[in-house]
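# Architecture and fold: a report
In case you want the letters, here they are:
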Amino acid sequence: MPRTLYLVLSGATASEGAGELVRALHGHDWRVTVLCTPTGTDFHDQDRLAELTGEPVRVTFRKPGQGRSLPPPDVVVACPLTFNSTNKFAQGLADNFAIALLCEMVGFGVPTVVVPYCKPQLATHPAFVRSLETLRAMEPVTVLHDPGAPDGGHLPPWQQVVDTVNRL
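Residues numbered from 1 in each chain as written. Predicted model: local features only at pLDDT ≥ 70, side-chain atom pairs only at ≥ 80, totals over all residues. Heavy atoms only, no water.

### Considering the packing of helix α1 (residues 18-26) against helix α7 (residues 158-167)
Interhelical geometry of α1 versus α7 gives an angle of 40° and a closest axis separation of 10 Å. As the angle between them shows, α1 and α7 are arranged oblique. Seen from above, α1 lies across α7 with right-handed handedness. On α7, the residues touching Glu20, Leu21, Ala24 and Leu25 of α1 are Trp158, Val161 and Val162. (Axes fitted to C-alpha atoms, helices over the stretch in contact; angles between N-to-C directions. Helix = DSSP H or I, 4+ residues; strand = E, 2+ residues; numbered from the N terminus. Parallel < 35°, antiparallel > 145°, perpendicular 65-115°, else oblique. Left-handed = near helix turned anticlockwise from the far one by under 90°. Contact = heavy atoms within 4.5 Å.)

Put into structure tokens, the structure is as follows:
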């Protein structure tokens, strides 16, 4: 039986594309539900992601009595997570559905993989550095970020993300 994974996207693109990550996760028997920040909707093909997952991309809070609840997740992956979204998540600033869900899942103890993605100039900003420290200190959170990478904030290959998820 497939395990359930929430994929949280924000306003950054990845050269391989979020659809490729969804396909890679499907190849390892993950049922993927995509959630996206409002800004992220401009960066990701929601129709294509809905086609791949069989579910609409969730962007806003569901009103009581409307729609259906999300299936409980086994794992959450936030990838790519922008400078802004990483800082919001670390500080608990749940001003949109995707970030609120990340905060809530940590509260439930759901294993969460965070893959920040930003310019090298932003990756060295003191607030971002503190946010990464805060996230790493959260028990259920695994941060995939290499500050020593040539660009300071590159995304790892999707296979590394999938391998990390499968080890949780």
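What follows picks up the thread again.
### Details of the side chain of Asn87
Its place among the elements puts Asn87 in helix α3 (residues 83-91). With relative accessibility at 13%, the residue Asn87 sits in the buried group. Among all residues touching Asn87, those that are not within four sequence positions of it are Ala127, Phe128 and Ser131. (Buried < 20%, exposed > 50% of the residue type's maximum accessible area, 1.4 Å probe, protein only.)

### A look at the packing of aromatic side chains
With the rule as written, the count across this model stands at two aromatic pairs. Here the aromatic rings of Phe61 and Phe97 are separated by 5.4 Å at their centres, their planes lie at 75°, and the arrangement is edge-to-face. On the criterion of sequence distance, the pair formed by Phe61 in the loop between α2 (46-53) and β3 (75-81) and Phe97 in helix α4 (residues 97-108) is long-range, its members being 36 residues apart. Residue classification places Phe97 among the buried positions, given a relative accessible area of 14%. Aromatic pair Phe83 and Phe128: ring centres 5.7 Å apart, planes at 25°, arrangement stacked. (Phe/Tyr/Trp six-rings, centres within 6.5 Å; stacked < 30°, edge-to-face > 60°.)

### With respect to the environment of Arg62
Among the secondary structure elements, Arg62 is positioned in the loop between α2 and β3. Between the C-alpha atom of Arg62 and that of Leu122, which follows or precedes it by 60 residues, the distance is 33 Å. Residues in contact with Arg62, not counting those within four places in the same chain, are Gly67, Arg68 and Ser69.

### Focus on the sheet that holds strand β1 (residues 3-9)
Read across the sheet, five strands follow the order β2-β1-β3-β4-β5 without closing on themselves; strand pairing throughout is parallel. Every other strand in the sheet has two partners, leaving β2 (30-36) and β5 (141-143) as the edge strands with one partner each. This sheet shows a mean twist of 20° between the axes of neighbouring strands, independent of strand direction. Looking at chain direction, β1 and β2 are connected through seven bridges and run parallel. (Pairing = 2+ DSSP bridges.)

### Things to note about the nonpolar core
Within the largest apolar cluster, 27 residues are counted, with the highest numbers of intra-cluster contacts made by Val8, Phe89, Leu101, Leu102, Leu135 and Val141. Elements that contribute at least two residues to this core include exactly β1, β3, α3, α4, α6 (126-137) and β5. No other element matches the seven residues that α4 contributes to this core. Beyond its immediate chain neighbours, meaning those up to four positions away, Leu135 contacts Thr86, Phe89, Ala90, Val114, Val141 and Val143. (Core = buried A, V, L, I, M, F, W, Y, C linked by side-chain atoms within 4.5 Å.)

### Some thoughts on the state of the cysteines
Per the stated rule, a full pass over the model turns up zero disulfides. The closest cysteine sulfur to the non-disulfide-bonded Cys36 is located on Cys79, 12 Å from its own sulfur. A relative accessible area of 1% means that Cys36 is categorised as buried. The cysteine Cys103 is free of any disulfide, with Cys36 supplying the nearest cysteine sulfur at 16 Å. (Disulfide = S-S within 2.5 Å.)

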